[in-house]
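Geometric and topological summary
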Amino acid sequence: MEPSDKFQRKADPADKGAEADKADPTGDQTLAFRVSGVEARLKKRVHPGLVVIQGREIGREYRLRRSRVILGRDEGAHISIPDEGVSRRHLLFELSWDADRRLQGILIQDLESTNGTHLNGERVERAGLREGDKIQVGDTILKYVLHDSLDARFHREVHNRIAYDQLTGLLTKEFLYVAMETELKRCRKYDLPMSVMMMDLDRFKQVNDHHGHLMGSYVLAEVGRLIREGTRGTDVAARYGGEEFLAYLPEVDLEGGRLAAERIRAAVGHHLFTRHDESGRPTSLRTTLSLGVAQFPLHGTSVEALVAAADAALYRAKETGRNRVALA
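Residues numbered from 1 in each chain as written. Predicted model: local features only at pLDDT ≥ 70, side-chain atom pairs only at ≥ 80, totals over all residues. Heavy atoms only, no water.

Let us now look at the overall build of the protein. For the protein, the helix and strand inventory stands at 8 helices and 21 strands. Scored against the burial criterion, the 328 residues of the protein give a buried share of 43%. Within the protein, residue pairs in contact and separated by at least 24 positions form 58% of the contacts whose partners lie at least 6 positions apart. Entry remark: accessible area of the protein is about 17600 Å², with carbon and sulfur atoms responsible for 48%. (Helix = DSSP H or I, 4+ residues; strand = E, 2+ residues; numbered from the N terminus. Buried < 20%, exposed > 50% of the residue type's maximum accessible area, 1.4 Å probe, protein only. Contact = heavy atoms within 4.5 Å. Areas by Shrake-Rupley, 256 points an atom, 1.4 Å probe, with all protein chains shown as cover.)

Written out as structure tokens, the structure is:
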């Protein structure tokens, strides 16, 4: 397939320069052409993709694998963006390939979206993409990238290390804050409740002091697993720091948040934490968790206010005996 003229880029004079080596005795010449970095990468197999650089899923990469890819808020879209400013079917990507399945170019077309599509700050209806271009849909900005297999693996690893706490498998505090801010916008727009939970392991210092830091790390990892298992797929949890955890529950009121907190508290309290050392000898212990719950908008309308309210409730749970749930 011949690439469309719309995919052609203006040549850089520096990239078209050619110089001749010294002629050999037969009069033949060998010409050495410099090829731009972008052209060189297009000549080999690359994986076109979009990296979220602003929005709820910041750092996530979406691979463009089809000839036609629809981006939108609809769960049925090829790329589903959790952003209320994104239309259900917002944007179409059209990819062209040659016979060897090497990428020739990409066109984007706005699908009559409500808020429009912006490319590098300018609203567009249809345009060709260049590596590094930034596409804004709603409050989400995606960067167009070309990765080979090594690039793609490296990016996934970096993203996972930044977005997720490596010990517990939960989000980092920073990534949860970004996601929670986006969720709050949705709750404000549709007048929905949201519960926020602060959690803290009781007397965790004693675990490290009596059983060592390896056992302490094991307990934290297991608690992370129990929190994941005790929340819904739409809930978002993070390791807040040390032995503290934070979660938000979309469309859940204070009573629903209390029930979820009690479920997690019971799961941790009933769990026997058993770790085997290098010789196979087991060490077992039990521990408990205290939780504080707040609700949007009853106890705050910002991330900071809601976290502070849940934290104050957690403090009361600690002060009144630990291993309990307190409400803001």
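We now examine the sheet that holds strand E12 (residues 134–137). With respect to topology, 6 strands assemble into an open sheet ordered E4-E3-E13-E12-E9-E10, the strand pairing being antiparallel. Looking at which strands have only one partner, the edges of the open sheet turn out to be strand E4 (61–63) and strand E10 (122–124). If you compare each strand with its neighbour and ignore which way they point, the axes differ by 35° on average. Two elements, strand E9 (residues 117–119) and E12, share 3 bridges in a ladder whose sense is antiparallel. In the strand pairing of E12, Thr117 is matched with Val137. (Pairing = 2+ DSSP bridges. Axes fitted to C-alpha atoms, helices over the stretch in contact; angles between N-to-C directions.)

Turning to the packing of aromatic side chains, a few remarks are in order. In total, this model carries 0 aromatic pairs according to the counting rule given. Over the ring of Tyr240 we find Lys173, and its NZ or CZ is 4.6 Å from the ring centre. (Phe/Tyr/Trp six-rings, centres within 6.5 Å; stacked < 30°, edge-to-face > 60°. Lys NZ or Arg CZ within 6 Å of the ring centre and 35° of its normal.)

This next bit is on the packing of helix H5 (residues 204–211) against helix H6 (residues 213–229). With their axes 7 Å apart at the nearest point, H5 and H6 run at an angle of 140° to one another. Here H5 is positioned oblique relative to H6, judged by the angle of their axes. Within the contact between the two elements, H5 uses Phe204, Val207, Asn208 and His211 and H6 uses His213, Met215, Gly216, Val219 and Leu220. Considered class by class, the residues forming the contact of H5 with H6 number 5 nonpolar, 4 polar and no charged. (Parallel < 35°, antiparallel > 145°, perpendicular 65-115°, else oblique. Nonpolar A, V, L, I, M, F, W, Y, C, P; charged D, E, K, R; others polar.)

The subject of this paragraph is the environment of Gly224. As for its position among the elements, Gly224 is in helix H6. For Gly224, a relative accessible area of 0% translates into the label buried. A sequence separation of 15 residues divides Gly224 from Arg239, and the C-alpha atoms of the two residues are 7.8 Å apart. Apart from residues lying up to four places away in sequence, Gly224 is in contact with Thr168 and Leu170.

Right, let's get into the pattern of salt bridges. Two side chains bearing opposite charge may form a pair once their charged atoms approach each other closely. Applying the stated criterion across every chain yields a total of 16 salt bridges. A salt bridge links Glu262 to Arg265; the nearest nitrogen and oxygen atoms lie 2.8 Å apart. With Glu262 and Arg265 both in helix H7 (residues 254–270), this residue pair falls 3 residues apart, about one helical turn. Overlapping salt bridges, with partners in common, bring together Arg68, Glu94 and Arg126 in one network. (Salt bridge = Lys/Arg side-chain N within 4 Å of Asp/Glu carboxyl O.)

Here the focus is the nonpolar core. Judged by nonpolar contacts, the single largest core of 28 residues is most densely connected at Met197, Met199, Leu201, Val219, Ile227, Phe245 and Phe273. Put simply, the parts of the chain that give this core at least two residues each are strand E15 (194–201), H5, H6, strand E17 (244–250), H7 and strand E20 (289–296). Sorting elements by how many residues they give to this core places H6 first, with 6 residues. Those residues in contact with Phe245 that lie beyond four places of it in its chain are Thr168, Leu170, Met197, Met198, Met199, Leu201, Leu220, Val223, Ile227, Ala238, Arg239 and Tyr240. Core analysis: the second largest hydrophobic core is formed by 26 residues, Ile108, Ala127, Ile135 and Val137 among them. (Core = buried A, V, L, I, M, F, W, Y, C linked by side-chain atoms within 4.5 Å.)

Look at the link from Phe296 to Pro297: it is a cis peptide, with omega at 0°. Here Pro297 shows up in the loop between E20 and helix H8 (303–319). For Arg322, which is not a glycine, the phi torsion comes out positive at approximately 65°. In this fold, Arg322 is placed in the loop between H8 and strand E21 (325–327). One non-glycine residue, Asn323, lies in positive phi territory at about 55°. Its location among the elements puts Asn323 in the loop between H8 and E21. Residue Asn323 is classed as partly exposed on the basis of its relative accessible area, which comes to 30%.

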